Amino acid sequence: MERLTATPAGVTLCALADLPDPGARNFVLELRAGRFFGFVVRRGEAVAGYVDRCPHLGLPLAKTLDAYWSASGEHLECDWHGALFRPEDGMCVAGPCTGARLTPWPVEVRDGRIVTAARPGAGLA
């Protein structure tokens, strides 16, 4: 089955209240064309989504389910090589892929639920 890098808009993922603040959650969507692996991070009422693939070697960021935040809680961290990413825009600020970015996955909060969007939202601010 093919590994996808995008999803259709309008897919409900979960209630915003189901995602800890701050927090992150992994999502795997089974679509006709293949599987999509992504994750959503939350700070306050803001959310941002990313394809679950480190730009360094293409591996998922977390070895443990939903464990995307660094120990300091300031960055997203790749468990494989220690790369650190800004949660608001996915920019790698430390590690083997410095200057690269996580691939955005457009998500938004609509009526208290996190849903896939047609284009990237405001992200974490």
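Below, the structure is looked at part by part. (Residues numbered from 1 in each chain as written. Predicted model: local features only at pLDDT ≥ 70, side-chain atom pairs only at ≥ 80, totals over all residues. Heavy atoms only, no water.)

### A look at unusual backbone geometry
For step 1, the next point in the chain: Of note, the bond from Asp21 into Pro22 is cis; its omega dihedral lies within 30 degrees of zero at -10°.
For step 2, the next point in the chain: Residue position: Pro22 is located in the loop between strand S2 (12-15) and strand S3 (23-31).
For step 3, the next point in the chain: Its identity as a non-glycine residue notwithstanding, Asp66 has a phi of 70°, on the positive side.
For step 4, the next point in the chain: Here Asp66 falls in the partly exposed class, since its relative accessible area comes to 31%. (Helix = DSSP H or I, 4+ residues; strand = E, 2+ residues; numbered from the N terminus. Buried < 20%, exposed > 50% of the residue type's maximum accessible area, 1.4 Å probe, protein only.)

### Concerning the sheet that holds strand S9 (residues 107-110)
For step 1, the next point in the chain: Here three strands make up an open sheet; going across it, the order is S2-S10-S9 and the pairing antiparallel. With one partner strand each, in any of the chains shown, S2 and S9 form the two edges of the open sheet. Taken pair by pair, the neighbouring strands of this sheet meet at an average axis angle of 25°, ignoring direction.
For step 2, the next point in the chain: Pairing of S2 with strand S10 (residues 113-116), which is carried by three bridges, proceeds in the antiparallel orientation. When the bridges of S10 are listed, Cys14 appears paired with Ile114. (Pairing = 2+ DSSP bridges. Axes fitted to C-alpha atoms, helices over the stretch in contact; angles between N-to-C directions.)

### Thoughts on the packing of aromatic side chains
Any two aromatic rings considered together are summarised by their centre-to-centre distance and by the angle between their planes.
For step 1, the next point in the chain: For the coordinates displayed, the defined rule picks out four aromatic pairs.
For step 2, the next point in the chain: With centroids separated by 5.8 Å and ring planes inclined at 40°, the aromatic side chains of Phe39 and Tyr50 adopt a geometry described as tilted. Highlighted residues: Phe39 in strand S4 (residues 34-43) and Tyr50 in strand S5 (residues 46-51), separated in sequence by 11 residues.
For step 3, the next point in the chain: Residue class for Tyr50 comes out buried when judged on its relative accessible area of 3%.
For step 4, the next point in the chain: Grouped by ring-pair contacts, the aromatic residues Phe27, Phe36 and Trp105 constitute a single cluster.
For step 5, the next point in the chain: The ring of Trp80 has Lys63 sitting right over it, with the charged end atom 4.6 Å from the ring centre. (Phe/Tyr/Trp six-rings, centres within 6.5 Å; stacked < 30°, edge-to-face > 60°. Lys NZ or Arg CZ within 6 Å of the ring centre and 35° of its normal.)

That is the geometry; function is a separate question.
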